[in-house]
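Residue strings, one per chain:
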Amino acid sequence: MNPEEKRIALLIDADNAPASKIDVVLAEVARHGVANVRRAYGDWKSPHLQQWEAALHPYAIRPMQQFDYSTGKNAADMAMVIDAMDLLNGGSIDAFALMSSDADFTPLVMRILANGHKVYGFGERKAPEPFVNACSLFTYVEGLGQAPNSSNTSVEQRADPRKLRGDTRLVLLMRNAVEAASDDDGWANLSAVGSQIGNQASLDSRNYGYQKLSELIDAIGLFDLKKDNQIVLVRDKRALAKDAPG
């Protein structure tokens with residue numbers, strides 16, 4: 001293992017995550033580092049975890065047994081939080097990947113972030129916004145593993161540009177990032193824009209049906225894009241209006 005690679009703990013809430021997406025989630029985690037800790041939490045005597053049980057050995061995931069001591073209470077969530085804190089305090093982990101669609105993990109994410117560690121979230125589109133927005137980067141699993149521009153599923157269809165322009169939070173995030181990374185002429189390196197966005201909030205262009213950030217920005221229709229020696233540059237169209245004479 002390259003010593004420069006981040007050591008990532010992948011913690012899975014098996015009750016609230018689809019086993020069918022574990023392969024693509026692991027591939028995504030590998031983009032950020034090495035998942036040298038892989039644990040899945042749940043009551044493994046429950047029949048609805050059979051798909052997860054079949055995925056444990058092929059993907060080297062350690063099952064963490066947790067009985068539900070009270071009806072309606074998910075003890076696995078508490079066990080996952082306790083383990084996360086132990087790993088955080090142990091100092092052997094550089095970042096965390098949480099696979100769940102449960103908003104109850106939002107305080108855990110915020111605590112991990114406060115300690116200077118990034119949190120990569122993976123969940124279904126039903127995941128509540130507080131959990132999604134708290135993560136350093138949150139990716140909807142429905143969009144993973146699909147071919148670019150695939151039309152096999154409605155989830156993969158690209159968001160309508162009018163809807164994108166009407167998303168005040170998205171537009172403000174983009175404009176602030178472009179402004180922060182721009183030069184005197186208003187042009188900003190796309191890579192720098194992506195870094196600025198990552199410092200402000202969780203944003204994965206694939207959640208909107210676009211494979212690349214440049215495609216999402218172009219679809220919004222409020223920015224100019226151009227290539228300069230293979231470098232993609234972005235500018236807020238309002239900057240051009242300001243520079244126009246009279």
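These remarks concern the structure in this document. In every chain, residue numbers begin from 1 and rise along the written sequence. Residue-level local features of this predicted model are given only where pLDDT is at least 70; pairs of side-chain atoms are given and counted only at 80 or more, and the full residue set underlies all totals for whole chains, interfaces and linings. Side-chain measures were taken over the full set of non-hydrogen atoms in the model, leaving aside hydrogen atoms and water.

Regarding the overall build of the protein
Helix numbering and strand numbering both begin at the N terminus, where a helix is a DSSP run of H or I of at least 4 residues and a strand a DSSP run of E of at least 2. Secondary structure summary: the protein contains ten helices and nine strands in total. Using a 1.4 Å probe on the protein chains alone, a residue whose accessible area is under 20% of its type maximum counts as buried, one over 50% counts as exposed, and one in between counts as partly exposed. Burial status across the protein gives 46% buried among its 246 residues. All accessible areas in this document rest on Shrake-Rupley with a 1.4 Å probe, and a residue is counted as covered only by the protein chains that are shown. Accessible surface, the protein: about 12,900 Å² in total, of which carbon and sulfur atoms supply 48%.

Remarks on the packing of helix α3 (residues 75-90) against helix α4 (residues 106-114)
Helix axes are fitted only over the stretch in contact, all axes being lines through C-alpha atoms; the angle between N-to-C directions runs from 0 to 180 degrees. Where α3 meets α4, the closest approach of the two axes is 11 Å, and the angle between their N-to-C directions is 0°. Here α3 lies roughly parallel to α4, going by the angle between them. Residues Val81, Ala84, Met85 and Leu88 of α3 pack against Leu108, Arg111 and Ile112 of α4. Class assignment for the residues of the contact of α3 with α4 results in six nonpolar, no polar and one charged. Any angle that is under 35 degrees is reported as roughly parallel, and any over 145 degrees as roughly antiparallel; angles of 65 to 115 degrees are reported as roughly perpendicular and all others as oblique. We call two residues in contact whenever any of their non-hydrogen atoms come within 4.5 Å of each other. Amino acids are sorted into nonpolar (Ala, Val, Leu, Ile, Met, Phe, Trp, Tyr, Cys and Pro), charged (Asp, Glu, Lys and Arg) and polar (every other residue, Gly among them).

Brief notes about the packing of aromatic side chains
Planes of paired rings set the category: under 30 degrees apart is stacked, over 60 is edge-to-face and the rest tilted, where pairs are Phe, Tyr or Trp rings (Trp by its six-membered ring) whose centres lie within 6.5 Å. Per the stated rule, a full pass over the model turns up two aromatic pairs. Ring geometry for Phe131 versus Phe138: centroids 5.5 Å apart, planes at 75°, classification edge-to-face. An angle of 70° between the planes, with centres 5.6 Å apart, marks the rings of Phe138 and Tyr140 as edge-to-face. Summarising the burial analysis for this pair, Phe138 and Tyr140 share the class buried. Put simply, the rings of Phe131, Phe138 and Tyr140 pair up and form one aromatic cluster. Seen from the ring of Trp187, Lys226 lies directly overhead, with NZ or CZ sitting 4.4 Å from the centre. Note on criteria: charge over ring means Lys NZ or Arg CZ within 6 Å of the ring centre, with the direction from the centre no more than 35 degrees off the ring normal.

Structural notes on α4
Of the positions making up α4, those classed as buried are Thr106, Leu108, Val109 and Ile112. Buried residues of α4 fall within an arc of 160° about the axis and therefore sit on the same side. α4 presents Pro107, Met110 and Ala114 as exposed residues on the side facing more than 90 degrees away from its buried surface. Where α4 is buried, its residues touch α3, β4 (95-99), β5 (118-123) and α5 (129-134). A positive phi of about 90° marks Gly116, the residue just after α4. It is the directions from the helix axis to the C-beta atoms that the arc portrays.

Description of unusual backbone geometry
In the Ramachandran plot, Ala60 falls in the positive-phi region, its phi being about 55° despite a non-glycine side chain. With respect to the secondary-structure elements, Ala60 resides in the loop between α2 (50-56) and β3 (62-65). Relative accessible area serves as the criterion here: at 57%, Ala60 is assigned to the exposed category. One non-glycine residue, Asn229, lies in positive phi territory at about 55°. One can find Asn229 in the loop between β8 (223-228) and β9 (231-236).

So, the environment of Glu5
Mapped onto the elements, Glu5 comes out in the segment before β1 (6-13). According to the relative accessible area criterion, Glu5 is partly exposed, its value standing at 34%. The sequence separation of Glu5 and Ala30 amounts to 25 residues, and the corresponding C-alpha distance is 9.5 Å.

Considerations on the sheet that holds strand β2 (residues 33-42)
Sheet strands pair via backbone hydrogen bonds, and the direction of the pair is either parallel or antiparallel. Here six strands make up an open sheet; going across it, the order is β3-β2-β1-β4-β5-β6 and the pairing parallel. On the outer flanks of this sheet lie β3 and β6 (137-140), each paired with one strand and no other. Pairwise comparison of adjacent strand axes, ignoring direction, gives a mean angle of 20° for this sheet. Relative to β6, β5 runs parallel, the two sharing four bridges. By the bridge assignment, Tyr120 is partnered in β6 with Leu137. Sheet strands in contact with α3 are β1, β2, β3 and β4, and its direction is about 150° off that of β2. Across the face of the sheet, α4 comes into contact with β4 and β5 while running at roughly 155° to β5. In this description, strands pair whenever DSSP reports at least two bridges between them.

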